[in-house]
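Structure assessment
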Amino acid sequence: MKDINSLFSTVKALGLLLYAPALIALFPVIPQWIAQIFPTYSMVDPVIAIVQRGATLNDIAPHLAVLAAMIVALAAGLRVVRER
């Protein structure tokens, strides 16, 4: 980053990417499939499902499997980058 303002604007833009699925869930007029495009959907949707719909572990298990796969892929990617 060339200056602190660039850093803060990048952090804010990434924050919007992180919270997009939750923001879409707040507005039922927006098609809910759009939230599934974001990578953080698997993190946000189980929390929303438990709090708002009373979901059980069996209900959120597919999202947890996707989240576990994302963690393994991220760890593998970081390992490759670290070894370079």
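Rules behind the numbers
Residues numbered from 1 in each chain as written. Predicted model: local features only at pLDDT ≥ 70, side-chain atom pairs only at ≥ 80, totals over all residues. Heavy atoms only, no water. Helix = DSSP H or I, 4+ residues; strand = E, 2+ residues; numbered from the N terminus. Expected span 1.5 Å × (residues − 1). Bend = angle between axes of the 7 residues up to and from the residue. Axes fitted to C-alpha atoms, helices over the stretch in contact; angles between N-to-C directions. Parallel < 35°, antiparallel > 145°, perpendicular 65-115°, else oblique. Left-handed = near helix turned anticlockwise from the far one by under 90°. Contact = heavy atoms within 4.5 Å. Nonpolar A, V, L, I, M, F, W, Y, C, P; charged D, E, K, R; others polar. Salt bridge = Lys/Arg side-chain N within 4 Å of Asp/Glu carboxyl O. Buried < 20%, exposed > 50% of the residue type's maximum accessible area, 1.4 Å probe, protein only.

A few words on helix H3 (residues 57-83). Counting along an α-helix, one turn takes 3.6 residues, and residues three or four places apart therefore face a common direction. Here H3 contains 27 residues, and its C-alpha end-to-end distance of 37 Å stays within 8% of the 39 Å for a straight helix at 1.5 Å per residue. By the largest-angle criterion, His63 marks the main kink of H3, which is about 35°.

It is worth spelling out the packing of helix H2 (residues 41-53) against H3 at this point. At a closest axis distance of 9 Å, the pairing of H2 and H3 adopts a crossing angle of 155°. One element, H2, and the other, H3, form an angle in the roughly antiparallel class. With respect to the hand of their crossing, H2 and H3 are arranged in left-handed fashion. On the side of H2, the interface is formed by Tyr41, Ser42, Met43, Asp45, Pro46, Ala49 and Ile50, while H3 contributes Ile60, His63, Val66 and Leu67. The class makeup of the residues in the contact of H2 with H3 is eight nonpolar, two polar and one charged.

Considering all chains together, one arrives at two salt bridges under this definition. In this structure, Asp45 engages Arg53 in a salt bridge whose closest nitrogen and oxygen atoms are separated by 3.7 Å. Look at Asp45 and you get buried, because its relative accessible area is 12%. With relative accessibility at 55%, the residue Arg53 sits in the exposed group.

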